[in-house]
Amino acid sequence: MTDLLASCDLPTAYGRFGMLTFGTPDGLEEVVVIRHGDDHNLDPLLRIHSACFTGDLLGSLRCDCGPQLGAALRLIAKERHGLVLYLLRHEGRGIGLANKIRAYKLQEQGYNTVDANERLGLPADARDYRAAIEVLRLLHVERVRLATNNPLKIKALTDAGIAVDRVPHGGFVNLDNRDYLSTKDALMGHLDASGLLTAEGRGDVDLQ
């Protein structure tokens, strides 16, 4: 069971948002909601974002997480109803930070992101979206425009009875993450995560 633990207003460099924290009744935080707009007659633009310490906080170029999050915040700041669900327990696609660093070390030896996880005895993707779905139900969200290239997120929502219109959210490619993104497309079924896409709020792709 997921409960609302706390809420506040949050002015940021991207815009002014409402922030809500959801978690278990014992106070364990799981999902942070960043919300903009209050027109509940509209289907919200939604980004479900897995926590990534290296990408979101440190600006790591090994993944596309930081640019994905920044682009999502810029986009929902323009919306009359927009949400980012930040999933705190999804670090490293659900394997945790220490295991993600171990997998990074294997990637430096030539393994791709899927093979590195398997060599550690871990799944390629261990994420669970039940907490996110509970939060959407608490917020009375029944239809979304989902900013994603991950078919598993689409399936999780649609299986839960939430109608999904996908908004492509990829192309955040640089020289360090290009192979990683291609692996997500080829081996994990992502929908053109490595595509050289441009869109309002993202800007032109820069191969750093």
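Structure report, in brief. What you are looking at is a predicted structure, and each value in this text was computed from that prediction instead of being measured.

Before going further, it helps to spend a moment on the overall build of the chain. Looking only at helices and strands, one finds seven helices and seven strands in the chain. For 208 residues, the compact-globule estimate of 2.2 N^0.38 gives 17 Å, and the C-alpha radius of gyration of the chain, at 17 Å, lies within 12% of that figure. Taking the principal axes of the C-alpha coordinates as reference, the chain spans close to 50 × 40 × 30 Å. Expressed as a percentage of the 208 residues in the chain, the buried residues total 49%. The contacts in the chain between residues at least 6 apart in sequence include a share of 59% that link residues at least 24 apart. Total accessible area on the chain is roughly 10400 Å²; 51% of this is exposed by carbon and sulfur atoms. Distance between charge centroids for the chain: 2 Å, based on 24 positive and 28 negative side chains.

Spatial strand order, E1-E2-E3-E5-E4-E6-E7: seven strands in an open sheet with mixed pairing. Each edge of the open sheet carries a strand with a single partner, namely strand E1 (3–11) and strand E7 (163–167). Averaged over all adjacent pairs, the angle separating strand axes in this sheet is 25°, with direction ignored. Here strand E6 (residues 143–147) runs beside E7; their pairing, made up of five bridges, is parallel. By the bridge assignment, Leu146 is partnered in E7 with Arg166.

We now examine the nonpolar core. Core analysis: the biggest nonpolar cluster contains 24 residues, and Val33, Leu46, Leu85 and Leu157 have the highest contact counts within it. If you list the elements that add at least two residues to this core, you get strand E2 (16–23), strand E3 (29–36), strand E4 (45–50), strand E5 (82–87), helix H5 (130–138), E6 and helix H6 (151–159). No other element matches the five residues that H5 contributes to this core. Those residues in contact with Leu85 that lie beyond four places of it in its chain are Val31, Val32, Val33, Leu46, Arg47, Ile48, His49, Ala132, Val135 and Leu136. Listed in part, the 14 residues of the second largest apolar core include Phe17, Leu73, Leu75 and Ala77.

Our next topic: the pattern of salt bridges. Under the definition given, this model contains 12 salt bridges. Linking Asp43 and Arg143 is a salt bridge whose minimum nitrogen-to-oxygen distance equals 3.3 Å. Of the two residues, Asp43 is situated in the loop between E3 and E4 and Arg143 in strand E6; the sequence distance between them amounts to 100 residues. Residues Arg145 and Glu79 are paired through a salt bridge, measuring 2.7 Å at the closest nitrogen-oxygen approach. Pair noted here: Arg145 is in strand E6 and Glu79 is in the loop between helix H2 (65–76) and E5, with a separation of 66 residues, a long-range link.

Criteria and thresholds
- Residues numbered from 1 in each chain as written.
- Predicted model: local features only at pLDDT ≥ 70, side-chain atom pairs only at ≥ 80, totals over all residues.
- Heavy atoms only, no water.
- Helix = DSSP H or I, 4+ residues; strand = E, 2+ residues; numbered from the N terminus.
- Rg over C-alpha atoms; globule rule 2.2 N^0.38 Å.
- Buried < 20%, exposed > 50% of the residue type's maximum accessible area, 1.4 Å probe, protein only.
- Contact = heavy atoms within 4.5 Å.
- Areas by Shrake-Rupley, 256 points an atom, 1.4 Å probe, with all protein chains shown as cover.
- Lys, Arg positive; Asp, Glu negative; His and termini not counted.
- Charge placed at Lys NZ, Arg CZ, Asp CG, Glu CD.
- Pairing = 2+ DSSP bridges.
- Axes fitted to C-alpha atoms, helices over the stretch in contact; angles between N-to-C directions.
- Core = buried A, V, L, I, M, F, W, Y, C linked by side-chain atoms within 4.5 Å.
- Salt bridge = Lys/Arg side-chain N within 4 Å of Asp/Glu carboxyl O.

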